[in-house]
Amino acid sequence: MTALSDAPVAPALKERWQASWEPALATWSRFTKLSDPRWCETRRDEKREGLNSSFAMIRLIDHAVVISLRQVQDLHLESFGREILAHEVGHHVLAPADLRDNARLLARIRAGIPTREQHAGMVANLYTDLLINDRLQRSAALDMVGVYRALRPDKGPVTPIWCLYMRIYEILWGLQSNTLIPPIADRRIQMDAGLGAKVIRVYGR
């Protein structure tokens, strides 16, 4: 097996993000309790914790928050510790909360997308992310806009689903078009984003 190599994580980064953990929990409630995050500094750490295709997650099976500090550094997200940690806590507190709620959510989504059931997991993730991030941006005054500005793909192709997802945020937060993504030519995405924003508003609570 080929050894995994990584650029070293800045020593102060873990300390800064660890200091953001309690404020992230308190964003939801002073009674919110979870064990400290699992910090990954290498690809090997990420593989051990099961962190794939993302830089952050919460495992619903054991409620462990896992953060790749290596990817945080590569993506220049160092300043958004509280925002990203509070987002992962939101999956525990708000949506989907636990495995039972997640199963119910997936069942409803599968019923709503006949012949496309294989995409239920992705739809569920996008939907719950929208609910959580809208709450954090609007009610907790966290800079979720800043997170997505940092992630804005100014180079290379942008997938239609990412365009839709970002345009929903632009509508929800009253941002000028093209704040989070390059210009969208597809009118269907514009229309669907408006509908998506209405759905989040209706089911936000």
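Each remark here, short or long, concerns the structure printed above.
Residues numbered from 1 in each chain as written. Predicted model: local features only at pLDDT ≥ 70, side-chain atom pairs only at ≥ 80, totals over all residues. Heavy atoms only, no water.

Draft legend 1. Local environment of a nonpolar patch on the surface. A cluster of nonpolar side chains, contributed by Leu195, Val199, Val202 and Tyr203, occupies part of the molecular surface with about 410 Å² of accessible area. Locating tyrosine 203 in the fold gives a position in helix α10 (residues 187-203). Overall, tyrosine 203 belongs to the exposed group, its relative accessible area being 53%. (Patch = residues over 30% accessible without salt bridge, like charges linked within 9 Å, V, L, I, M, F, W, Y side chains within 5 Å. Areas by Shrake-Rupley, 256 points an atom, 1.4 Å probe, with all protein chains shown as cover. Salt bridge = Lys/Arg side-chain N within 4 Å of Asp/Glu carboxyl O. Helix = DSSP H or I, 4+ residues; strand = E, 2+ residues; numbered from the N terminus. Buried < 20%, exposed > 50% of the residue type's maximum accessible area, 1.4 Å probe, protein only.)

Draft legend 2. Quick look at helix α5 (residues 81-93). Taking 1.5 Å per residue, 13 residues should reach 18 Å; α5 reaches 18 Å between its end C-alpha atoms and fits that length. Buried within α5 we find Gly81, Glu83, Ile84, Leu85, Ala86, His87, Glu88, Val89, Gly90 and His91. (Expected span 1.5 Å × (residues − 1).)

Draft legend 3. Geometry of the pattern of salt bridges. Under the counting rule described, the total for this entry stands at twelve salt bridges. With a shortest N-O distance of 3.4 Å, arginine 104 and aspartate 101 are connected by a salt bridge. Taken together, the residues span about one helical turn, with arginine 104 and aspartate 101 both in helix α6 (residues 99-112) at a distance of three residues. For aspartate 101, a relative accessible area of 26% gives the class partly exposed. Arginine 188 serves as the salt-bridge partner of aspartate 186, at 3.0 Å between the closest nitrogen and oxygen. Given the relative accessible area of 26%, aspartate 186 is considered partly exposed. What makes arginine 188 exposed here is its relative accessible area of 60%.

Draft legend 4. Layout of the environment of alanine 7. Among the secondary structure elements, alanine 7 is positioned in the segment before α1 (11-19). Relative accessible area serves as the criterion here: at 54%, alanine 7 is assigned to the exposed category. A sequence separation of 129 residues divides alanine 7 from leucine 136, and the C-alpha atoms of the two residues are 32 Å apart.

In short, shape yes, function no, at least from these values alone.
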